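Structure assessment
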Amino acid sequence: MRTGLYPGTFDPITLGHTDIIQRAMALVDKLVIGVAINRDKSPLFSLEERVAMVEAECAPIIAKTGGQIVVHPFENLLIDCARDVGASVIVRGLRAVADFEYEFQMVGMNRAMDASIETVFMMADARRQAIASKLVKEIARLGGDVSKFVPIAVRDALVARYK
């Protein structure tokens, strides 16, 4: 069984994230969505809320693909998380050249720590390339409509959070 790990903070999960999740399911038998606990960031949503959002948005993908998706919070090194969940591949989404530069460095460091775990980059769908959780939160905070960028339940959670 080929297991992949798709890590991120998912604060909140966006349509860009769900696009990568759906497409990654074609590459692996089991996809672990690693929800990162990053003490250097101040997430808008708690870990429990982010995990619940990811689980809710993955349910229709599981029903559609018949694949296996597991949501797994983690706070250790990405490469250690990959080992912990038995992943042979790390899935990363790319939106722009700036993403690639950062991800390129991460791949080098991860390969130095464990060359047996590959990283696969998936380009964001052209309709989703501009979507970033940080920008979505800013739009929502300022009262803008984020329904083009996030699932409906996430939009509702953002509206409620910024009331």
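Here, residues in each chain are numbered from 1, in the same order as that chain's written sequence. Local features in this predicted model are restricted to residues whose pLDDT is 70 or higher, and side-chain atom pairs enter the listing and the counts only when it is 80 or higher, whereas totals over whole chains, interfaces and linings include all residues. Values shown for side chains rest on all heavy atoms present in the structure; no hydrogens or waters enter the calculation.

Notes on the packing of helix α1 (residues 15-24) against helix α2 (residues 47-65)
The test is simple: Fitting a line to C-alpha atoms yields each axis, with helices limited to the stretch in contact; the angle taken between N-to-C directions then spans 0 to 180 degrees. Numbering goes from the N terminus for both helices and strands, where a helix is a DSSP run of H or I of at least four residues and a strand is a run of E of at least two. Here roughly perpendicular refers to angles of 65 to 115 degrees, roughly parallel to angles under 35, roughly antiparallel to angles over 145, and oblique to all remaining angles. Left-handed is the label given to a crossing in which the near helix is rotated counterclockwise from the far helix by less than a right angle, and right-handed is the label when the rotation is clockwise. The contact rule is simple, with two residues in contact once any of their heavy atoms fall within 4.5 Å. Following the grouping adopted for this structure description, the nonpolar residues are Ala, Val, Leu, Ile, Met, Phe, Trp, Tyr, Cys and Pro, the charged ones are Asp, Glu, Lys and Arg, and the polar ones are all others, Gly among them.
Packing of α1 against α2 brings their axes to within 11 Å, and their N-to-C directions diverge by 25 degrees. By the angle between their axes, α1 is roughly parallel relative to α2. Our pair here, α1 against α2, has a crossing hand that is right-handed. In this structure, α1 contributes T18, I21 and Q22 to the contact, and α2 contributes E57, C58, I61 and K64. Split by residue class, the contact of α1 with α2 holds three nonpolar, two polar and two charged.

Some remarks on the side chain of T3
Selection rule: Burial here depends on accessible area, computed with a 1.4 Å probe over protein chains only, as a share of the maximum for the residue type. Under 20% is buried, over 50% is exposed, and the range in between is partly exposed.
Mapping T3 onto the fold places it in strand β1 (residues 3-8). Using a relative accessible area of 6% as the deciding quantity, one classes T3 as buried. If near-sequence neighbours (up to four positions away) are discounted, T3 is found in contact with V28, K30, V32, V85, G86, A87, S88 and V89.

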